[in-house]
Amino acid sequence: MSGRQPDFLDRWDHQVATRSGAPALIEGTARWSYAQADARAGTLASVLAARGARSGSVVGVALDRPRDAVLAMLAALRTGAAFTVLEPALPPEAREDLVARVDAVLWLHDSTRQGPPLPPGTPCLDLATMEAGPPAGPPIGGPAAPTQPAYILFTSGSTGRPKGIVIERRALAGFADAVAERLLLTPADRWLQIASLGFDVVIEEVFPVLAAGGAVVCRPDTLPLEPPELHRVLRECEVTVAELSTQYWREYARWLDTADETTPAALRAVLVGGERMEPGAYRTWQRRQPAALVHVYGLTECTVTSTMYTGRLPGDATEVPIGTALSNAAVSVRADGRVLPPGRTGEIHIAGPSLARGYLHDEEQTALRFRPDPWADGERVYATGDLGRLLPGGGLEFLGRIDSQLKVRGHRLEAAAVERALEAAPGVAQAVVLLDPGDTTSLIACLVPADRTLAPERGTAARLTDEQRKEVVGPAAAAFADWAVPTRLYWTADLPKNPHGKVDTAALAATAASVCTPPETGAEPGTVRPPTVDEPLHVVLNRFRDVLAAPALGPDDDFFAHGGQSILAMRLVTALRTDVPAAAGLRVATLFDCPTPRRLARHLSDHT
């Protein structure tokens, strides 16, 4: 390596040379060895280079097959370019904005599959029609510099416009080494790729295990795996490491308990992060499941994960710690510029080689968040905006956000951005967005109506009708991913304030939680529809009501129009599989075609 800083491709090339026949990518029963994957990535790299991909440029990935996406990432790195990935769930407006800002030399897509659509006029390379060329050699002019970008991924921003975060090649290489070191990854490891391809967790699922000579287990597409499917893939592919969002992990843990199952024998570690973990749930898993839990914490700006915690939770612990720093990060807790001792609460700061270069085309925000570190001359430190404290043993405890950012299914969201979009609806005077108090996998919105005749009594709340909801969420649905769009919306007479003059979000959440009989189309508020005499429909309807916490839900009410989303859909399907014999093979995807209790009950009857 000639004394230069290592690049991820150094690790990859070493595995190709020493483990050429070992599997690098696994998809079902198919295997791609390191030699095969390298040849395919090299051929693609030669085509990319001929189309202008080189150090300093960007290659876009708009693919829905994880195996192809991983090969595309490797190919882009081989040319010296950076890669970016188009999130499939992005609405058209946000997708067009992202493509324009990245200004990629070209975007990879596959016309034979249902990948995310690209705006008209976007320069593309269709993998389905790509002509094979000779494998690419080293990039012209020598290896890419360690300070060149490796990838650009996007997160939510304070203005509602996603922020592009530029990670350099040295940061990617250091991250892959640090995770492999902490998790003791070996060539025997198989890491399941399950995160959305546009979410930064995909970096953690791919690069550390490949640096260690192990294999990435790929799904055939990007459709979400329901808990029984996840369990089957983990078992059949002998997966050793998997990473789940906190809410997804809870659904898997719930399914394991219901099915009286334990984690597959090969699975040794389950990484969980993105939201606060309940100590009780952590302890329950440890009592029942052989696979170890690894509680992770990190931000896209700091190359995915910066700290990890595993081990037995002390009996007096009221929080699950987020652990100690990886070898590529330096973590401290600070207040007023001072580093605080253990036990003191302050803002979590991260320094070291894991830091991003900054935000794409946004020098102001880069300077604001990536600051010169007065405690390390010449270095930078990232102010996370998260509250935390160091524990006496050196671990770190996460205590929430300083600002108004919310964590929704592992994503960070500026509530103010969504609030502005809701207030763009003609009938809304004010809006406040917060986590659903009954289910932290989704958002609710409390709205002050412009038409005061729609306002309920002061101190109470009323659910919007289906028609009102469609009108209000339209601007937000056009600008944000589905996880950022509130699923429950309530009218309120005003926004209560706390003694400091700020909106009392706790009081709003309590008011919204008190609305137990939401109004429905064709029904007066507070009307509870009588139970049906159709027994299968009755069972399905009751499960809809339980999962959605909507006792007034009727047989023809739409699951997704009444607060349903992917995590709740998994919960509903798991419950129905227990209650209804005909639901043994039910999939979440069926809910999209049969979103009402009546239609779903009819579907189950037809497939008995």
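Residues numbered from 1 in each chain as written. Predicted model: local features only at pLDDT ≥ 70, side-chain atom pairs only at ≥ 80, totals over all residues. Heavy atoms only, no water.

**Points about the packing of aromatic side chains**
Per the stated rule, a full pass over the model turns up 14 aromatic pairs. Ring geometry for phenylalanine 83 versus phenylalanine 207: centroids 6.2 Å apart, planes at 10°, classification stacked. One end of the pair, phenylalanine 83, is in strand E4 (residues 82–85); the other, phenylalanine 207, is in helix H6 (residues 201–211), and 124 residues separate them in sequence. You'll find phenylalanine 83 and phenylalanine 207 in the same group, each marked buried. (Phe/Tyr/Trp six-rings, centres within 6.5 Å; stacked < 30°, edge-to-face > 60°. Helix = DSSP H or I, 4+ residues; strand = E, 2+ residues; numbered from the N terminus. Buried < 20%, exposed > 50% of the residue type's maximum accessible area, 1.4 Å probe, protein only.)

**Quick word on the sheet that holds strand E26 (residues 443–449)**
Within the open sheet, the four strands sit side by side as E25-E26-E28-E27. Their pairing is mixed. Sheet topology places strand E25 (428–435) and strand E27 (461–463) at the edges, where each strand pairs with a single neighbour. This sheet shows a mean twist of 30° between the axes of neighbouring strands, independent of strand direction. Relative to strand E28 (residues 488–492), E27 runs antiparallel, the two sharing three bridges. The residue bridging alanine 461 from the neighbouring strand is threonine 492, located in E28. In this fold helix H12 (residues 466–479) packs onto E25, E26 and E28, with an angle of close to 100° to the strand it touches most, E28. Those strands touched by helix H13 (residues 505–513) are E25, E26, E27 and E28, and its axis lies near 90° from that of E25. (Pairing = 2+ DSSP bridges. Axes fitted to C-alpha atoms, helices over the stretch in contact; angles between N-to-C directions. Contact = heavy atoms within 4.5 Å.)

**Describing the confidence of the model for the protein**
Residues at a pLDDT of 70 or more form 91% of the protein, whose mean pLDDT is 87. Predicted confidence is poor over residues 517–534, with pLDDT under 50, and the contacts of this stretch with residues over four places away or in other chains come to 29 contacts. (pLDDT = per-residue confidence, 0-100.)

**Things to note about the sheet that holds strand E8 (residues 163–168)**
Spatial strand order, E6-E5-E3-E4-E7-E8-E19: seven strands in an open sheet with mixed pairing. The two strands at the open ends of the sheet, each matched to only one other strand, are strand E6 (124–126) and strand E19 (358–359). One ladder, built from three bridges, connects strand E3 (residues 58–61) with strand E5 (residues 106–109); its direction is parallel. Bridge assignment links glycine 60 to a residue of E5, and that residue is tryptophan 107. Against the sheet, helix H3 (residues 66–79) makes contact with E3, E4, E5 and strand E7 (149–155), and its axis sits at roughly 155° relative to E4, the strand it touches most. Together, E7 and E8 form the strand contacts of helix H5 (residues 169–182), whose direction differs from that of E8 by roughly 75°.

**A closer look at the environment of arginine 598**
The residue arginine 598 is located in helix H17 (residues 597–606) in this model. Along the backbone, arginine 598 and methionine 277 are 321 residues apart, and their C-alpha atoms lie at a distance of 36 Å.

**Let's talk about the pairing of strand E16 (residues 330–335)**
Judged from the five bridges that link them, E16 and strand E18 (residues 346–351) form a sheet pairing that is antiparallel. Within the sheet, the bridge partner assigned to valine 333 lies in E18 and is isoleucine 348. The sheet contact formed by E16 and strand E17 (residues 338–339) spans two bridges and is antiparallel. Along E17, the bridge assignment pairs arginine 334 with valine 339. Hairpin connection of E16 to E17: two residues between the antiparallel strands, including aspartate 336 at a positive phi of 55°.

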